[in-house]
Amino acid sequence: MDNNHSTSRRKFLLTAATAAMGVPFMLDASAKALAALPGGKLRHACIGVGGMGAHDLQNFKSHPDVEIVALCDVDENNLKKAAEIIPGARLYTDWRELLKKEKNKIDAVNITVPDHNHFIIAMGAIEAGKHVYLQKPMCHDVAEVRVLTEASIKAGVVTQLGTQIASSIGDRTAVQWIKAGIIGKVKHAYLCSNRSGIAGYRLAGPRPAQGQEPPAHLHWDNWIGTAPMRPYAADIYHPAIWRTWQDFGTGWSGDIGCHIFDAVWKGLDLKSPLSVVAEVQKSWEDSPERRGDTWPQGDHITWMFPGNERTASDTLPLEWFDGEFYPPEEVRALYSGGNYPEEAAMLIGTEGALLIPHGGTPVLLPESKFKDYKYPKLEERNHYHHFVEACLDRAKTESYFAQTGPMTEAILLGTVAIRVPGKVLEWDAANMKFPNYSAAEKYLRRTYRKGWQRKGFS
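Criteria and thresholds
Residues numbered from 1 in each chain as written. Predicted model: local features only at pLDDT ≥ 70, side-chain atom pairs only at ≥ 80, totals over all residues. Heavy atoms only, no water. Disulfide = S-S within 2.5 Å. Pairing = 2+ DSSP bridges. Helix = DSSP H or I, 4+ residues; strand = E, 2+ residues; numbered from the N terminus. Axes fitted to C-alpha atoms, helices over the stretch in contact; angles between N-to-C directions. Contact = heavy atoms within 4.5 Å. 1 Å grid on protein atoms, 1.4 Å probe; cavity = no way out; pocket = protein on both sides within 12 Å on 5 of 7 lines; lining within 4 Å. Points joined across faces, edges and corners; volume = space filled by probe spheres on them. Nonpolar A, V, L, I, M, F, W, Y, C, P; charged D, E, K, R; others polar. Phe/Tyr/Trp six-rings, centres within 6.5 Å; stacked < 30°, edge-to-face > 60°. Buried < 20%, exposed > 50% of the residue type's maximum accessible area, 1.4 Å probe, protein only. Lys NZ or Arg CZ within 6 Å of the ring centre and 35° of its normal. Salt bridge = Lys/Arg side-chain N within 4 Å of Asp/Glu carboxyl O. Expected span 1.5 Å × (residues − 1). Polar contact = N/O pair within 3.5 Å; in protein donor to acceptor, adjacent residues only side chain to side chain.

(A) Molecular detail of the state of the cysteines. If you walk through the whole model with that rule in mind, you get 0 disulfides. We note that Cys-139 lacks a disulfide partner, and the nearest cysteine sulfur, in Cys-258, lies 10 Å from it. Free cysteine Cys-391: the closest other cysteine sulfur is in Cys-46, separated by 13 Å.

Given below as structure tokens:
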């Protein structure tokens, strides 16, 4: 590969993507083209190895040019299991210690922990000059996303958001079709995640009246990290129910929204929204206790995006539905191939419609009109391996932060709107303000717990 050409192209792409966020930012001139690492192996550390972290570990382990040299988890039970899979790896229960001791021994990390600690760990890794694979959403708060995106570009490191479906043939096909204008100019977008069987992950609350002593194998202070200290309670937060709570997660839209948004965002080349408003589950809206603590078990969010050459007008309405809220019946009726997918995006164009099932094959509608339309021939791609190839200067990642940062900002603006239901929030992206309702700006940035502060978050 011609490294001079690679460097110029990377600078152009990253600078252009950052400009799209609506904030002025120049790429640090010291960013260099990535070269193959010594020995051709990527020395990698896994931060968070339980649950989804175990899945991530296995994917990195399966790449022939990856050497996993360090593992970290606040739960020693998770760490023990991972150590059996990666014998000889150096073990940590504190990511800060890992980054300090492994500073010159690792090239990249993946971070698979609850949302509230995404930013502080990823920033630590980027400041140490490490390539970062980060599970979605990028961060807990809008302000964190902006800072992390800019830092990643300035550092010139390789990044990848854990939107694995973005690398699938289905989503990549959808992006091609949208850009090619197969369904004409897009008039409206409807996104949904009405996944069944998830009640156990979307608790209504309240928290237990009293906490309990955390088990000896769980380093609870490290688990809490930047969030307000909460007493440990079994089967309430760890290992998988933390998304319920505003302290730790970003709700269902913040989580799954990153998947459903991705092909739509890239295909339509969307930029920061002009406004956002949310309708929420009534029982949650009517409960001050729940509104201050949990996320609703259902919400309907509407963004208004600026239009462009791929849209039918100068604005594009994009709606999100989850829980008890569903896309309009007339939209679902456009698909005659059986039950409407529980998780999908539907784009309505001037010449047809496009259904993008989450993890499935996109469908052009009406099917009779497009029955002879051929699918593009695309190679299979592993999202994790693609990150590795980029670290070794063999590719460009599918979900690099300069691109997925602005998308995540938009999604997390939806979580702000949830907390002030019914209020249309006008968004000034350049200044990160709501000109018509400044009271909602407190939800853009958290104050970190004592001992975990960073500049701008204390």
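Text resumes after the structure shown.
(B) Here's a closer look at the sheet that holds strand β5 (residues 131–134). The strand order across the open sheet formed by 6 strands is β3-β2-β1-β4-β5-β6, and the pairing between neighbours is parallel. A single partner strand is all that each edge strand has here, and the edge strands are β3 (90–92) and β6 (159–161). For this sheet the average axis-to-axis angle between neighbouring strands, irrespective of direction, equals 20 degrees. With 3 bridges joining them, strand β2 (residues 66–72) and β3 adopt parallel strand pairing. Note that in β3 the partner of Cys-72 across the bridge is Tyr-92. The strands touched by helix α13 (residues 383–391) within the sheet are β1 (42–47), β2, β4 (108–111), β5 and β6, with β5 carrying the most contacts at an inclination of about 170 degrees.

(C) Structural context of the layout of surface pockets. One number sums up the size of the largest pocket: a volume of about 1000 Å³. In terms of lining, the largest pocket is formed by 47 residues, of which the most central are Met-52, Pro-239, Ala-240, Trp-242 and Arg-243. Of all elements in the fold, only α2 (52–61), α5 (118–127), α8 (220–224) and α9 (251–268) reach the threshold of two or more residues within the lining of the largest pocket. Top contributing element to the lining of the largest pocket by residue count: α9, with 5 residues. Tallied by class, residues from the lining of the largest pocket come to 21 nonpolar, 17 polar and 9 charged.

(D) A look at the packing of aromatic side chains. If you walk through the whole model with that rule in mind, you get 19 aromatic pairs. Ring centres 5.0 Å apart and planes at 50 degrees place the aromatic pair Phe-119 and Phe-457 in the tilted group. Here Phe-457 lies in the segment after β14 (425–426) and Phe-119 lies in helix α5, a separation of 338 residues in the sequence. For the pair formed by Phe-119 and Phe-457, the shared burial category is buried. Judged by centre distance (4.9 Å) and plane angle (70 degrees), the ring pair of Trp-223 and Phe-248 falls under edge-to-face. Taken together, the positions of Trp-223 in helix α8 and Phe-248 in the loop between α8 and α9 put the pair 25 residues apart, joining distant regions of the chain. For Phe-248, a relative accessible area of 0% gives the class buried. Ring pairing ties together the aromatic residues Trp-220, Trp-223, Tyr-232, Tyr-237, Trp-245 and Phe-248, which thus form one cluster. One residue, Arg-96, lies across the ring of Trp-452, its end atom 4.0 Å from the ring centre.

(E) How the structure looks around the pattern of salt bridges. All told, the structure shown has 28 salt bridges when counted by the stated rule. Measuring nitrogen to oxygen at the nearest pair gives 2.7 Å for the salt bridge that ties Asp-293 to Arg-207. Separated by 86 residues along the polypeptide, Asp-293 in the loop between α11 (288–291) and β9 (299–306) and Arg-207 in the loop between β7 (186–193) and α8 bring together distant segments of the chain. Arg-207 matches Asp-293 in its accessibility class, with the two residues each being buried. The structure contains a network of salt bridges with shared partners spanning Arg-172, Asp-262, Lys-266, Glu-379, Arg-381 and Glu-398.

(F) Molecular detail of helix α14 (residues 401–419). Taking 1.5 Å of rise per residue, the 19 residues of α14 would be expected to cover 27 Å, and the 26 Å separating its terminal C-alpha atoms lies within 8% of that figure. The element α14 is largely enclosed, with a buried count of 18 among its 19 residues.

(G) Region of the structure containing the environment of Gly-257. Within the secondary structure, Gly-257 sits in helix α9. In sequence terms Gly-257 and Val-145 are 112 residues apart; their C-alpha atoms lie 15 Å from each other.

(H) Representation of the sheet that holds strand β13 (residues 363–365) within the structure. The sheet built from 8 strands is open, its strands ordered β13-β12-β11-β7-β10-β9-β8-β14 with mixed pairing. Two strands in the sheet have a free side with no partner beyond their single neighbour: β13 and β14. Bridge count for strand β12 (residues 353–357) against β13 is 3 bridges, and the pairing is antiparallel. Counted as the bridge partner of Leu-354 is Leu-364 from β13. α14 contacts β8 (275–280), β9 and β14 of the sheet and is inclined by roughly 130 degrees relative to β9.

(I) Here's a closer look at the side chain of Gln-135. Along the chain, the position of Gln-135 falls in the loop between β5 and α6 (142–155). Polar contacts involving the side chain of Gln-135 include one to the side chain of Asp-56, which spans 3.1 Å. Leave out the neighbours within four places in its chain, and Gln-135 touches Met-52, Asp-56, Ile-111, Thr-112, His-118, Leu-161, Gly-162, Gln-164 and Tyr-384.

(J) Geometry of the pairing of strand β11 (residues 343–349). Burial analysis of β11 places 7 of its 7 residues in the buried class, which makes it a mostly covered element. Where β7 and β11 come together, 7 bridges link them in antiparallel fashion. Paired with Ser-193 across the strands is Glu-343, a residue of β11. Sheet topology note: the β11/β12 ladder contains 5 bridges and is antiparallel. In the strand pairing of β12, Leu-347 is matched with Leu-354.

(K) Looking closely at unusual backbone geometry. Cis geometry marks the peptide bond from His-238 to Pro-239; its omega dihedral reads 15 degrees. Within the secondary structure layout, Pro-239 lies in the loop between α8 and α9. With an omega of -5 degrees, the peptide bond running from Leu-365 to Pro-366 counts as cis. Located in the positive-phi region is Asp-235, a residue other than glycine, with phi close to 60 degrees. The residue Asp-235 is located in the loop between α8 and α9 in this model. Asp-235 sits in the exposed class, given a relative accessible area of 60%. Positive phi, close to 55 degrees, is recorded for Asp-269, a residue that is not glycine. Position of Asp-269 among the secondary structure elements: in the loop between α9 and β8.

Everything listed here is a matter of geometry and, on its own, says nothing about what the molecule does.
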